[in-house]
Amino acid sequence: MIWAFVFALLGACSWAEGTNAGLKGRVTQKGLEYGQQFGLEVVKSLLKKEHVPDLNGSYNIPLIGDVGYSVSRIQIQELQLNESVTSFSEGTGVRLVVSNARIHLSGVWRVKVLFVPDSGTFDLSVSDLSLSTELGVSRDDGGRPQVWSANCRSSVGRLDVKFHNGASWLYNLFTGALQAPLRYEVNRQLCPELGKGISNLERVLKTMQVSAQIDPFAAIDYSLVNKPVIAREHGDIDLKGEFYGVGKHTESPFSPTPFLLPDEGDHMLLLGLSEFSANSAAFVYFTAGALRKNFRDDMIPKRSPIRLNTGSMGLFLPELKKLYPNMPMELHLSARKQPLLTCLPDSLALALFGAAEAFVVLPNATLASAFLLDLDASLAGQLQLDSAKVGGSVALTNFSMSVVRSHVGSVQVKTLETLLKLALRMVALPMVNKKLKEGFPLPSVYNLSLVNPHVKINQGFVLVATDVQYQA
């Protein structure tokens, strides 16, 4: 799964023509080199658990004649890949070059000499092994990554074998004659076996999910939107990054605008998160009716200067206290339009369009509508990111309200607006900022964690530049 993640990141360059992306990612040469380090360790671990395919054949030994052999249960005991280089192969994918590798294998041998069978175990050492191959990447019609093996070449320099059990003392006298056929068989199967491994990965990728449900309301589509292209210094992905409603895929009224990731190789990964993705999420929650909440007085912070009862609210609606003296109230808040996020240089701007309807709770527990207000607010935000969590801060930049209707006489709008601004700045926003300062934990993806991440807000998108660390 690690390599599925790495190869999936080697996708469409941000400058390639095609559908605009909501999310972008880039693997730099630094990231590729780190992927090589932990990737080879994963490969070593997996190979030691796998059995190499059986070898069968015959060879001629002077004075003895033709000897039929079968070599089975071949298992890698040691693998040294000390000299390996991974680089981007422009227009294709990733190139891997391994030289001076060493492999130590063990297994079971069986031979038949003059119709007499014999068997035992063996140790096989392969040195001066060289391998070069390219891993191509593409995209299928469903937005899933595709991979294939190309231009594979291998060579085996030296092969030493030692037999045990049976008539090993005899066969060890002729190991020199075995070197050439065994070296040929090992070399012949290296690239095909590598191709089989890539084919297995391709089958896994064909079943890869390209969308995920976030909660009962929303899911996200993270399919590839462009055919992959690999540049000389990096590989980029373009993902759709659009949220949609669960059970009803309604197209968002927004369209992603093009944006470019900066040319910098100091970090392993660059991630670009567009305002389109955030606004498509807001559209989903708004159309699902999820952006609404009802409040009672016991839910209002004790420090708030405004209480949800007719005594407190009557200060702004004198008629309210006369009609409903000393009675509790409820406040129903909802979004009348979807929130709108705008990414500006070094700042986030969030526009909220709400409606607040106040009700009097009658003695029989029914609700009587008192008044309906439109509330508009503008917030400025900052993001903070570390290896474990994401947080930030918000500040109120503008707030206004207007009366839609009132069943309890005129509303002193300016006075109420001033007090609501005070309540937001003195009570609500400090509570929100306290939670944002604590932050929210980042999910772990394929056991990768962020190292020294940096976040920068640009026009239209947020850029995260980071190194990563793999933890098995």
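So, how was this worked out
- Residues numbered from 1 in each chain as written.
- Predicted model: local features only at pLDDT ≥ 70, side-chain atom pairs only at ≥ 80, totals over all residues.
- Heavy atoms only, no water.
- Disulfide = S-S within 2.5 Å.
- Helix = DSSP H or I, 4+ residues; strand = E, 2+ residues; numbered from the N terminus.
- Buried < 20%, exposed > 50% of the residue type's maximum accessible area, 1.4 Å probe, protein only.
- Core = buried A, V, L, I, M, F, W, Y, C linked by side-chain atoms within 4.5 Å.
- Contact = heavy atoms within 4.5 Å.
- Phe/Tyr/Trp six-rings, centres within 6.5 Å; stacked < 30°, edge-to-face > 60°.
- Lys NZ or Arg CZ within 6 Å of the ring centre and 35° of its normal.
- Salt bridge = Lys/Arg side-chain N within 4 Å of Asp/Glu carboxyl O.
- Expected span 1.5 Å × (residues − 1).
- Polar contact = N/O pair within 3.5 Å; in protein donor to acceptor, adjacent residues only side chain to side chain.

Visitor: Mind laying out the state of the cysteines, listing which residues take part and the relevant values?
Guide: Overall, the coordinates contain one disulfide when judged by the stated rule. Here Cys152 connects covalently by a disulfide to Cys191, the sulfurs 2.0 Å from one another. Handedness here is read from the sign of the S-S torsion; for Cys152 and Cys191, about -80 degrees, the answer is left-handed. Of this pair, Cys152 sits in strand 8 (residues 145-164) while Cys191 sits in helix 4 (residues 175-206), placing them 39 residues apart in sequence. The exposure class assigned to Cys191 is buried, which follows from its relative accessible area of 17%.

Visitor: Before we move on, can you summarise the nonpolar core with the specific residues and values?
Guide: If you look at the biggest cluster of nonpolar residues, it comprises 31 residues, and the most contacted ones within it are Phe122 and Val126. Broken down by element, this core gets its largest block of residues, seven residues, from strand 6 (residues 93-113). With residues near it in sequence (within four places) discarded, Val126 still touches Ala101, Arg102, Ile103, Leu105, Val156, Arg158 and Leu159. Counting 23 residues, the second-largest nonpolar core is a separate cluster that includes Leu317, Met327, Phe399 and Leu416.

Visitor: Residues and numbers for the packing of aromatic side chains, please.
Guide: Within the structure shown, the criterion is met by three aromatic pairs. On the numbers, 4.5 Å between centres and 20 degrees between planes, the contact of Phe259 with Phe461 is stacked. Here Phe259, found in the loop between strand 12 (242-245) and strand 13 (269-274), pairs with Phe461, found in strand 22 (residues 461-470); they are 202 residues apart in sequence, far enough to count as distant. Cation over ring: Lys293 sits above Phe295, and NZ or CZ is 5.9 Å from the ring centre. Across the ring face of Phe353, the terminal group of Lys337 is positioned such that the distance to the ring centre comes to 4.3 Å.

Visitor: Can you tell me about the pattern of salt bridges, naming the residues and giving the values?
Guide: Enumeration according to the criterion identifies 16 salt bridges in this entry. Ionic pairing is found between Asp236 and Arg26, a salt bridge with its closest N-O pair at 2.7 Å. Of this pair, Asp236 sits in strand 11 (residues 234-239) while Arg26 is found in strand 1 (residues 23-28), placing the two residues 210 residues apart along the sequence. By relative accessible area, which is 0% here, Asp236 ends up buried. By relative accessible area, which is 2% here, Arg26 ends up buried. The salt bridge partner of Asp467 is Lys30, with a shortest N-O separation of 3.2 Å. Highlighted residues: Asp467 in strand 22 and Lys30 in helix 2 (residues 29-49), separated in sequence by 437 residues.

Visitor: I'd like a rundown of helix 5 (residues 275-287), residues and numbers included.
Guide: Compared with the 18 Å implied by 1.5 Å per residue over 13 residues, the 18 Å span of helix 5 between its first and last C-alpha is a close match. Listed as buried for helix 5 are Phe276, Ser277, Asn279, Ser280, Ala281, Ala282, Phe283, Val284 and Tyr285. Summarising the contacts, the buried residues of helix 5 are in contact with strand 1, strand 10 (218-221), strand 12, strand 13 and strand 16 (340-344).

Visitor: With reference to specific residues and values, describe the side chain of Ser72.
Guide: Checked against the element boundaries, Ser72 lands in strand 4 (residues 65-80). A relative accessible area of 9% places Ser72 in the buried class. Separated by 3.3 Å, the side chains of Ser72 and Arg110 make a polar contact. If we skip the residues at most four places from it in the chain, Ser72 touches Asp54, Gly107, Val108 and Arg110.

Any link to function would need more than the numbers given here.
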